[in-house]
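In case you want the letters, here they are:
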Amino acid sequence: MSDIGMHPGAGGTSAGAPRTQFVPHTQFVYDGRLGELYWIFIKNILLMIPTLTIWRFWGKTRMRRYLWSHTSLAGDRFEYTGTGGELFIGFLIVMVIYVAASIGIQILAIFVEPDSPILIALQFGLLFVLLYLTFVAQYAAQRYRLTRTLWRGISGGMTGSAWRWGIKGMFFSFLSLLSLTLAWPWAQMRLIDDRLNNSYFGDAKASIQTSSKSLYLPYILGMLAVVVTVGMVGYLIYMMWELTRLVQQHMPLGINQFIGSNWFPTAADRNPNETIVGGVAFAVVMLIIGYLIVATFAILVFAAYYVAMAHEVTNKLALGGLRFATPLTPGAFMSRYLGNVLIIVFTLGLGLPIAVHRTMLFLARNIEIIGEIDGSEITRADLPRPKFGEGLLEAFDPGIL
């Protein structure tokens with residue numbers, strides 16, 4: 001789907017004035033069908049059961065091939081050329097290293113005291129390495145997906161080092177902690193700039209230099225709203241806990257005879273163990289409810305932050321003479337994200353194809369390319385291709401796609 005739009009900043013015309021320059025705005029088109037997605041999803045589930053979930057690598061590849069092939073730009077469809085074997089081998093390499101490190105720490109624990117400084121240092125070291133690898137995974141996964149994506153026979157790619165980017169991610173995270181997370185919007189934009197400035201599509205290099213100024217107001221308001229909400233939920237849980245305890249201690253003796261059951265045991269006839277178990281169960285339920293309230297509210301208040309980030313990236317990104325834009329609004333972001341969460345939770349995961357379908361439609365509606373695609377500078381180029389799939393990301397953050 002494409003339409004012709006006025007170049008940003010161009011004004012109207014008057015008699016004798018030069019004609020206003022028009023620049024095409026092109027959108028992606030997604031024409032996948034929910035029924036076909038469900039058929040792929042069901043087959044993948046049936047094949048994962050006898051293979052002890054190992055089929056998920058091939059299942060994810062099938063899903064990506066369907067989604068890519070039903071997404072087009074300027075009349076030409078995308079193609080995904082990755083394989084399940086590449087994903088599986090990448091995952092095996094990572095898991096072998098992780099399992100070996102974990103077993104080594106467990107063996108050491110047999111020969112040293114539980115509170116040994118050496119053992120504690122190694123355990124924290126393993127957690128530090130896992131956090132570092134999650135950053136490396138993001139970079140490596142983007143490189144893999146770009147190199148396995150074709151459009152008009154042109155593929156993408158990346159230069160730079162995932163390992164160096166991971167170190168930068170860890171350093172920025174440390175700075176963010178020191179600043180009580182106030183440096184995080186700035187850090188996020190710097191990390192995004194690094195990844196995109198090392199990205200190519202064909203021989204066209206992406207170029208971007210973002211600013212975090214527009215992100216700080218929604219970020220600070222979101223943080224304040226979450227802190228207030230956490231405090232209110234915590235106070236509510238505490239008050240409900242105290243109310244339950246008082247009811248158990250002072251319940252009138254005759255109420256059990258009145259309702260004909262022992263639903264409300266009094267201080268004289270209740271079992272102390274049952275009281276403890278009931279109290280713990282109540283606390284767990286209240287914590288879950290509180291977490292859901294806080295998580296839902298966080299999505300709502302941070303919607304403006306993520307929308308501001310999307311506008312900053314698209315407005316500053318250039319690729320082979322092409323520019324980008326997005327009409328994304330906080331309402332659209334909340335509708336997509338919160339809707340997908342509710343669909344997956346209330347269907348116990350069986351609504352995943354619906355969430356994927358909604359996401360693809362959402363992306364197609366909210367990404368615009370400004371410029372003449374057919375006359376762009378993008379041509380084929382040979383960039384290095386990783387031999388294995390995104391094993392790190394599969395290990396630490398599988399994701400939907």
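Rules used throughout
- Residues numbered from 1 in each chain as written.
- Predicted model: local features only at pLDDT ≥ 70, side-chain atom pairs only at ≥ 80, totals over all residues.
- Heavy atoms only, no water.
- Patch = residues over 30% accessible without salt bridge, like charges linked within 9 Å, V, L, I, M, F, W, Y side chains within 5 Å.
- Areas by Shrake-Rupley, 256 points an atom, 1.4 Å probe, with all protein chains shown as cover.
- Salt bridge = Lys/Arg side-chain N within 4 Å of Asp/Glu carboxyl O.
- Helix = DSSP H or I, 4+ residues; strand = E, 2+ residues; numbered from the N terminus.
- Buried < 20%, exposed > 50% of the residue type's maximum accessible area, 1.4 Å probe, protein only.
- Pairing = 2+ DSSP bridges.
- Core = buried A, V, L, I, M, F, W, Y, C linked by side-chain atoms within 4.5 Å.
- Phe/Tyr/Trp six-rings, centres within 6.5 Å; stacked < 30°, edge-to-face > 60°.
- pLDDT = per-residue confidence, 0-100.
- Contact = heavy atoms within 4.5 Å.

### Some words on a nonpolar patch on the surface
Taken together, the side chains of Y98, V99, I103, I107, I110 and F111 make up a nonpolar region of the molecular surface, amounting to roughly 620 Å² of accessible area. If you trace the backbone, I103 turns up in helix α3 (residues 84-111). Here I103 falls in the partly exposed class, since its relative accessible area comes to 45%.

### Things to note about unusual backbone geometry
Here L52, not a glycine, exhibits a phi torsion of approximately 55°, which is positive. Looking at where L52 falls in the secondary structure, it is placed in the loop between α1 (34-48) and α2 (56-69). With phi around 60°, L180 is a residue other than glycine that occupies positive phi space. Note that L180 resides in the loop between α5 (162-178) and α6 (184-197).

### Here's the deal with the pairing of strand β7 (residues 154-158)
The element β7 is largely enclosed, with a buried count of five among its five residues. Two elements, strand β6 (residues 149-151) and β7, share two bridges in a ladder whose sense is antiparallel. Its bridge partner being in β7, W151 is matched across the sheet by I154. Summarising the sheet, β7 and strand β8 (residues 199-201) pair through three bridges and their orientation is antiparallel. Looking across to β8, one finds that G157 is bridged to Y200.

### Details of the nonpolar core
Across soluble globular proteins, you tend to see nonpolar side chains buried next to one another. By size, the foremost hydrophobic cluster in this structure holds 44 residues, and its most contacted members are Y30, L67, L73 and I369. Among the elements that make up this core, the one with the highest residue count is helix α9 (residues 272-316) (seven residues). Formed by 12 residues, the second largest nonpolar core is a distinct cluster that contains Y132, L133, F135 and Y139.

### Re the packing of aromatic side chains
Counting across every chain of the model gives 19 aromatic pairs. Judged by centre distance (5.8 Å) and plane angle (45°), the rings of Y139 and W165 are tilted. One end of the pair, Y139, is in helix α4 (residues 117-147); the other, W165, is in helix α5, with 26 residues separating them in the sequence. W165 matches Y139 in its accessibility class, with the two residues each being buried. The rings of Y219, F302, Y305, Y306, F333 and Y337 are connected pair by pair, giving a single aromatic cluster.

### What about the confidence of the model for the protein chain?
Residues with a pLDDT of 70 or more make up 77% of the protein chain, whose mean pLDDT is 81. Overall, residues 395-400 carries pLDDT values under 50, and its contacts beyond four positions in sequence, including any with other chains, amount to 14 contacts.

### Here we look at the pattern of salt bridges
A full pass over the atoms with the stated rule returns six salt bridges. Close ionic contact of D76 with R152 constitutes a salt bridge, the shortest N to O distance being 2.6 Å. Here R152 lies in the loop between β6 and β7 and D76 lies in strand β5 (residues 76-80), a separation of 76 residues in the sequence. The exposure class of D76 is partly exposed, given its relative accessible area of 29%. A salt bridge links E86 to R148; its shortest N-O distance comes to 2.9 Å. Of this pair, E86 sits in helix α3 while R148 sits in the loop between α4 and β6, and the two are 62 residues apart along the sequence. Relative accessible area serves as the criterion here: at 16%, E86 is assigned to the buried category. The buried category is assigned to R148, whose relative accessible area is 2%.

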